[in-house]
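What the coordinates show
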Amino acid sequence: MVTKHDIRNGIRGGVGRFKQEVTASFTKEELGALCAALEITETTDPIASIATMRQQIRVTVGLADSREDASDDAFSKPELEAIAAAIGVEPVSGDEPDPLF
């Protein structure tokens with residue numbers, strides 16, 4: 001079974017970021033890379049807030065009609081699945097980073 005962690009790691013890999021060993025929400029840098037992959041120009045400013053980036057990602061992948069309607073909370077599993085599909089990533093179960101040694 002694919003978990004939220006697996007989907008987030010698949011998305012991280014899909015936008016050129018390092019996969020995480022532990023379950024964690026996206027960092028500001030990871031959200032910025034995701035925005036760039038989705039060609040979102042309104043949030044590429046380095047001082048854009050995490051909330052703004054989450055809202056714009058939801059609008060871009062069709063999870064909300066406008067930023068005002070979009071939640072700024074962490075992504076749910078169905079939202080992560082929609083984001084992964086939008087960037088062409090097929091998450092796999094047990095998607096952990098490769099060992100460094």
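See above for the structure.
The paragraphs below set out a description of the structure included in this document. This one's a predicted model, so the numbers in the text were calculated from it and none came from an experiment.

**Topic: the overall build of the protein chain**
Helix and strand counts for the protein chain stand at four helices and zero strands. Listing every helix and strand of the protein chain by position from the N terminus yields α-α-α-α. Over its C-alpha trace the protein chain gives a radius of gyration of 13 Å, about what one expects of a compact globule, namely 13 Å for 101 residues. Overall, the protein chain is about 45 × 30 × 20 Å in size when its C-alpha atoms are taken along their principal axes. The buried share of the protein chain, reckoned over its 101 residues, is 37%. Accessible area for the protein chain stands at about 5900 Å²; split by element, carbon and sulfur atoms hold 51% of it. Positive and negative charge centroids in the protein chain, built from 10 and 18 side chains respectively, lie 4 Å apart.

**Observations concerning the packing of aromatic side chains**
Counting across every chain of the model gives one aromatic pair. Here the aromatic rings of Phe-26 and Phe-75 are separated by 6.3 Å at their centres, their planes lie at 65°, and the arrangement is edge-to-face. In this pair, Phe-26 is assigned in the loop between α1 (4–14) and α2 (28–37) and Phe-75 in the loop between α3 (50–60) and α4 (77–87), connecting sequence segments 49 residues apart. Here the two residues Phe-26 and Phe-75 agree in accessibility, since each one is buried.

**Overview of α3**
When α3 is considered as a whole, its buried residues turn out to be Thr-52, Met-53, Arg-54, Gln-55, Gln-56, Ile-57 and Arg-58. The inward-facing, buried residues of α3 abut α2 and α4. Count one or two residues on from α3 and you reach Gly-62, which has phi positive near 85°.

**Observations regarding the environment of Gly-62**
Relative to the helices and strands, Gly-62 is located in the loop between α3 and α4. The exposure class assigned to Gly-62 is exposed, which follows from its relative accessible area of 61%.

**Some points on the nonpolar core**
In this structure, Ile-11, Leu-34, Ile-57, Phe-75 and Ile-83 are the most contacted members of the largest nonpolar core, which totals 19 residues. Here this core takes four residues from α2, the largest share from any one element.

**Brief notes about unusual backbone geometry**
Within the chain, Glu-39 stands out as a residue other than glycine whose phi angle is a positive 60°. As for its position among the elements, Glu-39 is in the loop between α2 and α3.

**Quick notes on the side chain of Arg-12**
Here Arg-12 is to be found in helix α1. Given a relative accessible area of 1%, Arg-12 falls into the buried group. Separated by 2.9 Å, the side chain of Arg-12 and the backbone oxygen of Ala-24 make a polar contact. Excluding residues within four positions of it along the chain, Arg-12 makes contact with Arg-17, Phe-18, Lys-19, Gln-20, Ala-24, Ser-25, Phe-26 and Glu-30.

Parameters and conventions
- Residues numbered from 1 in each chain as written.
- Predicted model: local features only at pLDDT ≥ 70, side-chain atom pairs only at ≥ 80, totals over all residues.
- Heavy atoms only, no water.
- Helix = DSSP H or I, 4+ residues; strand = E, 2+ residues; numbered from the N terminus.
- Rg over C-alpha atoms; globule rule 2.2 N^0.38 Å.
- Buried < 20%, exposed > 50% of the residue type's maximum accessible area, 1.4 Å probe, protein only.
- Areas by Shrake-Rupley, 256 points an atom, 1.4 Å probe, with all protein chains shown as cover.
- Lys, Arg positive; Asp, Glu negative; His and termini not counted.
- Charge placed at Lys NZ, Arg CZ, Asp CG, Glu CD.
- Phe/Tyr/Trp six-rings, centres within 6.5 Å; stacked < 30°, edge-to-face > 60°.
- Contact = heavy atoms within 4.5 Å.
- Core = buried A, V, L, I, M, F, W, Y, C linked by side-chain atoms within 4.5 Å.
- Polar contact = N/O pair within 3.5 Å; in protein donor to acceptor, adjacent residues only side chain to side chain.

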